[in-house]
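Summary of the model geometry
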Amino acid sequence: MHDQASELRVLASKERRKIRVIAVTSGKGGVGKTNFTVNLALALAEYGHRVIILDGDLGLANVDIAFGLTARYTIEHLLSGEKTIEQILLTGPRGISIIPGGSGVQELANLDRDKLTNVIANLGRLEKMADLLIIDTGAGLGNTVTNFLRAADDIILVTTPEPTSLTDAYGLLKTLNKEAGEIPIHVVINRVPTEADARATFERLEIAVRKFLHGSINLMGWVYDDPLMGRSVMQQEPLGISYPESPAYRCIQWIAGTVTGIYLSAPRQGGGVRGFLSKLLRSF
Ligand SMILES: Nc1ncnc2c1ncn2[C@@H]1O[C@H](COP(=O)(O)OP(=O)(O)O)[C@@H](O)[C@H]1O
Ligand SMILES: [Mg+2]
């Protein structure tokens, strides 16, 4: 009886909710990934999620700047063993944590055993700090980007209606089709004038993916082309803080609702089958 109870308790603790990893990517740079990521994090925080952003853009790591912050240390200091994860984390508004990544992210793949153990121990502590880890992966087909995408629970692909942005998004999907397998790919159409434009843009991409790649993508939402977005960038304050009523942020709040739906958890800590089980096991 005793053995069985402890076995069950281990089982229940293993079932405890793990951090979910969302990779935000695009085929082409400059389509709005970073601003989308930052404002998605803000909207998710409004819904009560604890969010960490990993700034994984090798070329242009600027998540900190979008928040009006300046990174003192980056993931390089973590990899070298000079700093701990707690020391490199930045804290943004609404309790959002930012891991300044930059070019150090690339080195993650080439660490020797000793350093790797240390990095895993540090990153493992993130599990308790947050519900969601959102990675701003940077654009393109580089190995680091596709490695991130392969490792994620979900991929959000950002594109604009521009032909070059769509073509590059298709190129990325073509690569992912071979590599990413079962990972759900959600598409966000950024900078659209109307809903009809968003739907038409998605349809063009979706038809190509279905016909030539025999794959599937789903429309997660769209974000209006909004001059307030540009203004918030100039002011170095995220849109969700400076213009929370803006059309673009409203769209992102709506998308955050969908993300929340994907990761729907028990309504309260003690709820659900797991809550029931853990209470039951405590009584042994
Ligand atoms: N919905 C939008 N409406 C208007 N301008 C936008 C929108 N999204 C992004 N932008 C503009 O595009 C620029 C590039 O965005 P950014 O998030 O840095 O792209 P990426 O990370 O994909 O390179 C921003 O500086 C902003 O001015
Ligand atoms: Mg960016």
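This section reports on the structure supplied with the text. (Residues numbered from 1 in each chain as written. Chains lettered and ligands numbered in written order. Predicted model: local features only at pLDDT ≥ 70, side-chain atom pairs only at ≥ 80, totals over all residues. Heavy atoms only, no water.)

Section: the sheet that holds strand S2 (residues 51-55)
With mixed pairing, 8 strands are arranged side by side in an open sheet as S3-S4-S2-S5-S1-S6-S7-S8. Bordering the open sheet on either side are strand S3 (90-91) and strand S8 (218-224), each of which pairs with just one other strand. Bridge count between S3 and strand S4 (residues 97-99): 2 bridges; the pairing is antiparallel. By the bridge assignment for S4, Leu-90 is matched with Ile-98. Contacts from helix H2 (residues 33-46) reach strand S1 (20-26), S2, strand S5 (132-139), strand S6 (154-159), strand S7 (185-192) and S8, with the element oriented near 170° to S5. Helix-sheet contacts for helix H9 (residues 143-151) involve S1, S2, S5 and S6, and the interaxial angle to S5 is about 150°. (Pairing = 2+ DSSP bridges. Helix = DSSP H or I, 4+ residues; strand = E, 2+ residues; numbered from the N terminus. Contact = heavy atoms within 4.5 Å. Axes fitted to C-alpha atoms, helices over the stretch in contact; angles between N-to-C directions.)

Comments concerning the site of ligand 1
Residues in close proximity to ligand 1 total 16 residues, the closest being Gly-30, Lys-33, Thr-34, Asn-35 and Asp-226. Take Thr-34: an N or O atom from its side chain is 2.9 Å from an oxygen atom of ligand 1. Secondary-structure elements contributing two or more residues to the shell around ligand 1 are H2, S7, S8 and helix H12 (227-235). Each residue belonging to the shell around ligand 1 can be placed in one class, and the counts come to 5 nonpolar, 7 polar and 4 charged. (Near = heavy atom within 4 Å. Polar contact = N/O pair within 3.5 Å; in protein donor to acceptor, adjacent residues only side chain to side chain. Nonpolar A, V, L, I, M, F, W, Y, C, P; charged D, E, K, R; others polar.)

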